[in-house]
Amino acid sequence: MFASGGVQPQPNPMPTSAEHKIRVNSGEYPARDGLLHTRVYSQKERTRRAALAWLGFWLLAALSIPIVVAHLILIPAFLIAGPVVAYRRLKMREAAEKATGFCPVHDGEFTMELEAGDTLPIWQPCPECHAPLHLVDALVDNTRSEKP
Ligand SMILES: [Zn+2]
């Protein structure tokens, strides 16, 4: 019998990655397929990343003490940012890394880097032709059914 919580031990400490199917839309061009590449964090990694963020911001708060004029703003800001960013990192199970796929506008492959906090759906310019691309989770994309 498994203990409650459903957390299974991670035999492999290396970070794991995942791929999700996405749809790439741009205006009236027909939607194309793509992949969202993400990094999956284990419970241990999330805890470590949260602790590092908290420590980092409080270190910045301590370093701000000698800055005479700015420390009235910087110290409370860093003291608050520490636990806030740590909480967000603790909750972040998966972080976006990049998206690959076919651009419907220039009809070629693209690879775009994404920020860790980026979530679908998202508008991003195509790195090749700079056309605005709408990246949507393929499982929730219903734009095809709207068109005849
Ligand atoms: Zn393009």
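Above this text is the structure in question.
Our subject in this report is the structure included herewith. Counting starts from 1 at the beginning of each chain's written sequence and moves along it residue by residue. With the structure being a predicted model, the display of local features is reserved for residues of pLDDT at least 70 and the display and counting of side-chain atom pairs for 80 or more, all residues being used for whole-chain, interface and lining totals.

Here's the deal with the sheet that holds strand β1 (residues 16–26)
Next, step 1: Strands are labelled as partners when DSSP assigns at least two bridges between them. Runs of H or I in DSSP of at least four residues are treated as helices and runs of E of at least two as strands, each being numbered from the N terminus. Pairing in this open sheet of six strands is antiparallel, and the strands run β4-β3-β2-β1-β6-β5 from one edge to the other. Strands with a single pairing partner mark the edges of an open sheet, and in this sheet they are β4 (108–113) and β5 (122–125). Each strand of the sheet is rotated relative to its neighbour by a mean of 30°, with strand direction disregarded.
Next, step 2: Looking at chain direction, β1 and strand β6 (residues 132–137) are connected through four bridges and run antiparallel. What sits directly across from Arg23, in β6, is Val136. Think of each axis as a best-fit line through the C-alpha atoms, taken over the contacting stretch in the case of a helix, with angles from 0 to 180 degrees between the N-to-C directions.

A few points about helix α2 (residues 71–91)
Next, step 1: Counted at 1.5 Å a residue, the expected span for α2 with its 21 residues is 30 Å, and the 30 Å between its end C-alpha atoms agrees.
Next, step 2: Where α2 bends most, the angle comes to about 25°, and this point is Ala81, followed within four residues by the proline Pro83.
Next, step 3: Around each residue's C-beta, the other C-beta atoms within 10 Å are counted; 20 or more make the residue buried, 12 or fewer make it exposed, and counts in between make it partly exposed. All C-beta atoms are placed from the backbone. For α2, the complete set of buried residues consists of Gly82, Ala86 and Arg89.
Next, step 4: Working definition of a contact: two residues with C-beta atoms, positioned from the backbone, lying within 7 Å. Those residues of α2 hidden inside the fold are in contact with α1 (43–63). Here a helix's expected span is defined as the number of its residues, less one, multiplied by 1.5 Å. Here the bend at a residue is taken as the angle between two axes, fitted respectively to the seven residues that end there and the seven that start there.

Topic: the nonpolar core
Next, step 1: By convention the nonpolar core is taken to be a set of buried residues drawn from Ala, Val, Leu, Ile, Met, Phe, Trp, Tyr and Cys and joined through C-beta atoms within 7 Å. If you look at the biggest cluster of nonpolar residues, it comprises ten residues: Ile22, Val24, Leu36, Ala96, Ala99, Cys103, Phe110, Leu133, Leu135 and Val136.
Next, step 2: Listing elements by their share of this core, those giving two or more residues are β1, β3 (94–103) and β6.
Next, step 3: Those residues in contact with Cys103, other than ones at most four positions away along the chain, are Val24, Gly108, Phe110, Cys126, Glu128, Cys129, Ala131 and Leu133.

Quick notes on unusual backbone geometry
Next, step 1: Note that the residue after Leu120, namely Pro121, is joined by a cis bond; omega there is -5°.
Next, step 2: Assignment of secondary structure puts Pro121 in the loop between β4 and β5.
Next, step 3: Of note, Asp107 is a non-glycine position whose phi angle comes to about 60°, a positive value.
Next, step 4: Backbone geometry at His130 places phi at a positive 65°, although glycine is not the residue there.
Next, step 5: With respect to the secondary-structure elements, His130 resides in the loop between β5 and β6.

Description of the pairing of β5
Next, step 1: Bridge count between β5 and β6: four bridges; the pairing is antiparallel. When the sheet's bridge partners are listed, Ile122 is paired in β6 with Leu135.
Next, step 2: The turn joining β5 and β6, which pair antiparallel and follow one another in sequence, is formed by six residues; a positive phi near 65° is taken by His130.

Brief notes about the pairing of β3
Next, step 1: Across seven bridges, strand β2 (residues 29–40) lies against β3 in antiparallel orientation. Bridge pairing in β3 places Leu36 opposite Ala99.
Next, step 2: Of the strand pairs in this sheet, β3 and β4 are connected by six bridges, and their pairing is antiparallel. Among the inter-strand pairings, Ala99 is bridged to a residue of β4, identified as Met112.
Next, step 3: Between the antiparallel neighbours β3 and β4 lie four residues, among them Asp107 with a positive phi of about 60°.

Honestly, it's all geometry; don't read function into it.
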